[in-house]
Amino acid sequence: MAKALIVANWKMNPLSFKEAKKLFDATKKAADAAKSVSIVVAPPSIFLRGLTDSYKGKKLAFAVQNAHFEKEGAFTGDISLSQAKDAGASYGIVGHAERRAAGETNDDARKKVAAALAAKMTPILCVGERDRTGDGAHFSFVAEQLRAGFADVPKGKAARVIVAYEPVWAIGAPKPMSAHDMHEMAIFIRKTVVEALAGDGMKVAILYGGSIDETNAADMMQNGDVSGLLVGRASTDAKKFSALIGAVGKAL
Ligand code: PGA
């Protein structure tokens, strides 16, 4: 199996740069010790440059949690993907459920995926239904998010897009979706992206996110048909995250 990709989405944590540096140093240590695992750290953007400046290694990369699709302009309070790239981010999370809850649309996600690729960054397109109603409606909801997200991807670039499936009901929850159900969803995502992109769709990496921690990460990697994980809470606890990385490394 290829290297697993573990994305540490710190969200709006921790409180200070001092704490962020401490968490980053612990993450770095765990990343250095891990085999077959690549780590992407997504800190609050105000901490990005300070952390990227302090890092000289190759095991770790950085992501911006959210950024505007325009390069520059009159967008008070926003930062652009290009600015995040300048601060050292090579990945951009797009359409995270918490951004969608704050108003981000499929159309915004489409523009951000294209803008990230244009800036030579790797977009991580987050998709996932809010709930499951038992009638299979979540499949068409996710398909729509995927088709929109990939709509403006130039020919030949699709393989650079990463899809993170994060069912909203499993984010910040007591436990993740079962690996068995993820396997089913991974097949559906693969089918949808192949329909949209033909052969290129086979190369798109699929991650799972939602209540992953050190106790369930290995099972999801082994049985969920995913090539990596997007981790929220457990990525801001240095001990848990180190154990998580270790467990994934062993499971591969
Ligand atoms: P969680 O968050 O791991 O805390 O559930 C995942 C995410 O929102 O990316």
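Residues numbered from 1 in each chain as written. Predicted model: local features only at pLDDT ≥ 70, side-chain atom pairs only at ≥ 80, totals over all residues. Heavy atoms only, no water.

(A) Region of interest: helix 5 (residues 106–118). With 13 residues, helix 5 extends 18 Å between its outermost C-alpha atoms, agreeing within 8% with the 18 Å of an ideal straight helix rising 1.5 Å per residue. Buried residues along helix 5 sit against helix 3 (81–86), strand 4 (91–94), helix 4 (97–101), strand 5 (122–127) and helix 6 (137–150). Two residues or fewer past helix 5, K120 is found with a positive phi of approximately 60°. (Helix = DSSP H or I, 4+ residues; strand = E, 2+ residues; numbered from the N terminus. Expected span 1.5 Å × (residues − 1). Contact = heavy atoms within 4.5 Å.)

(B) Quick peek at the nonpolar core. Membership of the largest hydrophobic core comes to 69 residues, with the highest contact counts inside it found for F150, M182, Y208 and L229. Looking at this core element by element, the count peaks at eight residues for helix 7 (residues 179–197). Non-local contacts of Y208, meaning those with residues more than four positions away in its chain, are made with Y165, P167, A170, P176, M177, M182, M220, V226, G228, L229 and L230. (Core = buried A, V, L, I, M, F, W, Y, C linked by side-chain atoms within 4.5 Å. Buried < 20%, exposed > 50% of the residue type's maximum accessible area, 1.4 Å probe, protein only.)

(C) Quick peek at a positive patch on the surface. Together, K85, K120, K157 and R160 give the surface a local cluster of positive charge. Assignment of secondary structure puts K157 in the loop between helix 6 and strand 6 (162–165). Residue classification places K157 among the partly exposed positions, given a relative accessible area of 32%. (Patch = residues over 30% accessible without salt bridge, like charges linked within 9 Å, V, L, I, M, F, W, Y side chains within 5 Å. Areas by Shrake-Rupley, 256 points an atom, 1.4 Å probe, with all protein chains shown as cover. Salt bridge = Lys/Arg side-chain N within 4 Å of Asp/Glu carboxyl O. Lys, Arg positive; Asp, Glu negative; His and termini not counted. Charge placed at Lys NZ, Arg CZ, Asp CG, Glu CD.)

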